[in-house]
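# Survey of secondary and tertiary structure
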Amino acid sequence: MTTIVFLHAHPDDEASQTAGTMARAAAEGHRVVTVFATDGAHGELPASGLAEGETLVDRRRVEAQASADALGVQRVAWLGYRDSGMTGWPQNSLPGAFHTADLHEAAARLVAVLDEEEASVLVGYDWHGGYGHPDHVKVHAVAHRAAALARATPRLLESTMNRDRIRAFYQRAVAAGMADRAFDPDRPMDDGNPLGTPEREIHWQVDVSGFLRERRASLEAHRSQATDIEGMLAMPPDVFAAMFSTDHYLEPGRKPGMRVGWPFCG
């Protein structure tokens, strides 16, 4: 059995990015741990409102656990940082924000989980966090530092989006009148770079087609974040399957060339 730790920026990021891999790993007998860097406090308020005395952070913690249960994740941990908000927001630099957290300190918090779990694999994000969100970019840096500091160096993988694959889906959707022409994976995102990673730079394509039900349940768990989640859940079944049947990863130091396989073996 391998212990795999997934570091995500906010509760709900796991649902759209690595949920298929997490469900497959759990189903195959591995121990799966999700670590959230931030509390998700700058997410969307649920349309139905919050219960008396409930905060958005409270709601998102409950949703994160429901997602974990749907995926078979055995542990949910929190690094304890504030959500930094979107690029350029004043919250980026507030005390306690993940974006401005001391890199060594943040990595040490993650190392505590890695060492306690004796993790064999650590999953972070690509160099620009997929689209340049400050907290996502920080996840990349923290994962790399933590992997170097952990007692037993874990295999390090970086979750990414296959830009070429997304472009092909986007072009088909536009041709069918199903997509907003304002979206373009090749346009500059938050940090001025296009979305994700070109396929030629990706190392691993992971088949998670057998875990679409679990991914949908993970997305369903995060209903408070309606703007993003509802759009994904509203996809026709064939479109949802096409979008979410594969997960993609980079592996630092690996030779170029994408391989279809399962890199989560420590």
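Above this text you will find the structure in question.
Before going into details, it helps to say that this report is about the structure given with it. (Residues numbered from 1 in each chain as written. Predicted model: local features only at pLDDT ≥ 70, side-chain atom pairs only at ≥ 80, totals over all residues. Heavy atoms only, no water.)

## Concerning the pattern of salt bridges
Side-chain pairs of opposite charge can arise whenever the charged atoms involved come near each other. Per the counting criterion, the structure on display carries 16 salt bridges. Where Glu-117 meets Arg-31, a salt bridge forms, and the shortest distance between an N and an O atom there is 2.6 Å. With Glu-117 in helix H4 (residues 103-117) and Arg-31 in strand E2 (residues 31-38), this residue pair connects regions lying 86 residues apart in the sequence. Across the pair Arg-213 and Glu-214 runs a salt bridge whose closest N-O atoms are separated by 3.0 Å. The structure contains a network of salt bridges with shared partners spanning Arg-31, Arg-75, Glu-116 and Glu-117. (Salt bridge = Lys/Arg side-chain N within 4 Å of Asp/Glu carboxyl O. Helix = DSSP H or I, 4+ residues; strand = E, 2+ residues; numbered from the N terminus.)

## Focus on helix H5 (residues 134-149)
Given a rise of 1.5 Å per residue, 16 residues ought to cover 22 Å, and the 23 Å separating the end C-alpha atoms of H5 matches this to within 8%. Among all positions of H5, only Pro-134, Asp-135, His-136, Lys-138, Val-139, His-140, Val-142, Ala-143, Ala-146 and Ala-147 are buried. The inward-facing, buried residues of H5 abut strand E1 (3-8), helix H1 (13-17), E2, H4, strand E4 (121-125) and strand E5 (155-160). (Expected span 1.5 Å × (residues − 1). Buried < 20%, exposed > 50% of the residue type's maximum accessible area, 1.4 Å probe, protein only. Contact = heavy atoms within 4.5 Å.)

## Focus on H4
The end-to-end C-alpha separation of H4 is 21 Å, in line with the 21 Å expected for 15 residues at 1.5 Å each. Among all positions of H4, only Ala-106, Ala-107, Leu-110, Val-111, Val-113, Leu-114, Asp-115 and Glu-117 are buried. Between a side-chain oxygen at the N-terminus of H4 and the backbone nitrogen of His-104 the separation is 3.2 Å; the capping residue is Asp-102. Note on H4: the residue one or two positions beyond its end, Glu-118, has a positive phi of about 50 degrees. (Polar contact = N/O pair within 3.5 Å; in protein donor to acceptor, adjacent residues only side chain to side chain.)

## Notes on the pairing of strand E3 (residues 75-81)
When a strand is regular, its side chains alternate between the sheet's two faces. Two elements, E2 and E3, share 5 bridges in a ladder whose sense is parallel. Paired with Thr-34 across the strands is Val-76, a residue of E3. Following the chain from E2 across helix H3 (residues 56-71) to the adjacent parallel E3, one finds a crossover that is right-handed. (Pairing = 2+ DSSP bridges. Right-handed = clockwise from strand over helix to strand, strands pointing away.)

## Structural notes on the nonpolar core
Of all hydrophobic cores here, the largest spans 27 residues; its most connected members are Leu-7, Val-35 and Leu-110. Breaking this core down by element, the ones donating at least two residues are E1, E2, E3, H4, E4 and H5. Look past the residues within four positions of Leu-110 in its chain and what remains in contact with it is Val-5, Leu-7, Val-35, Leu-79, Leu-122, Val-142, Ala-143 and Ala-146. Counting residues in each nonpolar core, the second largest holds 24 residues, with Ala-19, Val-123, Trp-204 and Phe-264 among its members. (Core = buried A, V, L, I, M, F, W, Y, C linked by side-chain atoms within 4.5 Å.)

## Here's the deal with the packing of aromatic side chains
Counted under the stated rule, the structure contains 6 aromatic pairs. With 4.8 Å between their ring centres and 55 degrees between their planes, Phe-240 and Phe-244 make a pair best called tilted. One end of the pair is Phe-240 and the other is Phe-244, both in helix H9 (residues 237-244) and 4 residues apart, which spans about a single turn. Residue Phe-240 shares its accessibility class with Phe-244, and that shared class is buried. With a centroid separation of 5.2 Å and an interplanar angle of 80 degrees, the aromatic rings of Tyr-249 and Phe-264 are classed as edge-to-face. One end of the pair, Tyr-249, is in strand E7 (residues 246-250); the other, Phe-264, is in the segment after strand E8 (259-260), with 15 residues separating them in the sequence. You can call Tyr-249 buried: its relative accessible area is 0%. Joined through ring pairs, the aromatic side chains of Phe-6, Tyr-249, Trp-262 and Phe-264 make up one cluster. Geometry around Phe-240 places Arg-216 over its ring, the cationic atom sitting 4.1 Å from the centre. (Phe/Tyr/Trp six-rings, centres within 6.5 Å; stacked < 30°, edge-to-face > 60°. Lys NZ or Arg CZ within 6 Å of the ring centre and 35° of its normal.)

## Details of the packing of H4 against H5
Interaxial distance between H4 and H5 falls to 8 Å at its minimum, and their mutual angle equals 60 degrees. Looking at the two axes, H4 sits oblique to H5. Helix-helix and strand crossings are classified by hand; for H4 and H5 the assignment is right-handed. Together, Leu-103, His-104, Ala-106, Ala-107, Leu-110, Val-111 and Leu-114 of H4 and Lys-138, Ala-141, Val-142, Ala-143, Arg-145, Ala-146 and Leu-149 of H5 make up the contact between the two elements. Grouping the constituent residues of the contact of H4 with H5 by class yields 11 nonpolar, 1 polar and 2 charged. (Axes fitted to C-alpha atoms, helices over the stretch in contact; angles between N-to-C directions. Parallel < 35°, antiparallel > 145°, perpendicular 65-115°, else oblique. Left-handed = near helix turned anticlockwise from the far one by under 90°. Nonpolar A, V, L, I, M, F, W, Y, C, P; charged D, E, K, R; others polar.)

## Re the packing of H3 against helix H7 (residues 212-221)
For any two helices packed against each other, the geometry comes down to the angle between their axes and how far apart the axes lie. For the pair H3 and H7, the least separation of the axes is 8 Å and the interaxial angle reads 170 degrees. Between H3 and H7, the angle is such that the two are roughly antiparallel. Residue-level inspection shows Glu-63, Ala-66, Ser-67, Ala-70 and Leu-71 of H3 in contact with H7, the latter providing Glu-214, Arg-215, Ala-217, Ser-218 and Ala-221.

## A word on the pairing of E5
Within E5, 6 of the 6 residues are buried, which leaves the element mostly enclosed by the surrounding structure. Alternating residues of E5 divide into Arg-155, Leu-157 and Ser-159 and Leu-156, Glu-158 and Thr-160, and every residue in both groups is buried. Where E4 lies against E5, 5 bridges are found, and the strand directions are parallel. Looking at E5, one finds that Leu-122 is bridged to Leu-156. You can see the chain leave E4, run along H5 and come back into E5, and the turn it takes is right-handed. Of the strand pairs in this sheet, E5 and E7 are connected by 3 bridges, and their pairing is antiparallel. Bridging from a neighbouring strand, Glu-158 pairs with Leu-250 of E7.

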